[in-house]
Amino acid sequence: MAKPTAPVAPCGMELVFFYACPSCGRQIPLLSPTQPAMTTCEACGQSFPILPVDERSVQYVRIMLDSGRAAVAPDFI
């Protein structure tokens, strides 16, 4: 019989930002894009430039949530 595994807490996190494709409107998920870049819509193939997010804001959220560990639901601690 297998030993039950204890629940595992997060050990890291990423922030996902969504950018609407200007051609078809599909939401494109990107992980904390902190530099200007081009992205391509998976639905219609349209390439378009994106505005970057502020790296300090992303870092602030990571620090406040202790890289995800502080986001665990209190009922499970």
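Everything numeric in this text was worked out from a predicted model, so none of it was measured.

S.K.: Please provide a residue-by-residue account of the overall build of the protein chain, values included.
M.R.: Of the regular secondary structure elements, the protein chain holds one helix and four strands. At 18 Å, the protein chain has a C-alpha radius of gyration far larger than the 11 Å of a compact globule built from 77 residues. Out of the 77 residues in the protein chain, the part that is buried amounts to 19%. Long-range contacts, defined here as pairs at least 24 residues apart, represent 30% of the contacts in the protein chain between residues at least 6 apart. When the accessible surface of the protein chain is totalled, it reaches about 6,100 Å², and 59% of it is carbon and sulfur. Charged side chains of the protein chain number 5 positive and 6 negative; the gap between the two group centres comes to 5 Å.

S.K.: Any chance you could break down the pattern of salt bridges for me, citing the residues and the numbers?
M.R.: A full pass over the atoms with the stated rule returns four salt bridges. Glu14 serves as the salt-bridge partner of Arg62, at 2.8 Å between the closest nitrogen and oxygen. Taken together, the residues Arg62 in helix H1 (residues 55-64) and Glu14 in the segment before strand E1 (16-20) connect sequence positions 48 residues apart. Accessibility expressed as a relative area gives 45% for Glu14, which makes it partly exposed.

S.K.: Can you tell me about the nonpolar core, naming the residues and giving the values?
M.R.: Within the largest apolar cluster, 11 residues are counted, these being Met13, Leu15, Tyr19, Cys21, Ile28, Leu30, Cys41, Phe48, Ile50, Val53 and Val58. The set of elements that each furnish at least two residues to this core consists of strand E2 (27-31) and strand E4 (47-50). Excluding anything up to four places from it in sequence, Val58 contacts Leu15, Phe17, Ser32 and Val53.

S.K.: Now, about the pairing of E2: what can you tell me, with residues and values included?
M.R.: Along E2, the buried face is formed by Ile28 and Leu30; none of Gln27, Pro29 and Leu31, which line the opposite face, is buried. Looking at chain direction, E1 and E2 are connected through five bridges and run antiparallel. When the sheet's bridge partners are listed, Ala20 is paired in E2 with Gln27.

S.K.: I'd like a description of unusual backbone geometry, backed by residues and values.
M.R.: Although it is not a glycine, Ser32 adopts a positive phi angle of roughly 35°. Of note, Ser32 is situated in the loop between E2 and strand E3 (37-40). Of note in the backbone geometry, Ser67 takes a positive phi value of approximately 55° without being a glycine. Residue position: Ser67 is located in the segment after H1.

The rules behind these values
- Residues numbered from 1 in each chain as written.
- Predicted model: local features only at pLDDT ≥ 70, side-chain atom pairs only at ≥ 80, totals over all residues.
- Heavy atoms only, no water.
- Helix = DSSP H or I, 4+ residues; strand = E, 2+ residues; numbered from the N terminus.
- Rg over C-alpha atoms; globule rule 2.2 N^0.38 Å.
- Buried < 20%, exposed > 50% of the residue type's maximum accessible area, 1.4 Å probe, protein only.
- Contact = heavy atoms within 4.5 Å.
- Areas by Shrake-Rupley, 256 points an atom, 1.4 Å probe, with all protein chains shown as cover.
- Lys, Arg positive; Asp, Glu negative; His and termini not counted.
- Charge placed at Lys NZ, Arg CZ, Asp CG, Glu CD.
- Salt bridge = Lys/Arg side-chain N within 4 Å of Asp/Glu carboxyl O.
- Core = buried A, V, L, I, M, F, W, Y, C linked by side-chain atoms within 4.5 Å.
- Pairing = 2+ DSSP bridges.

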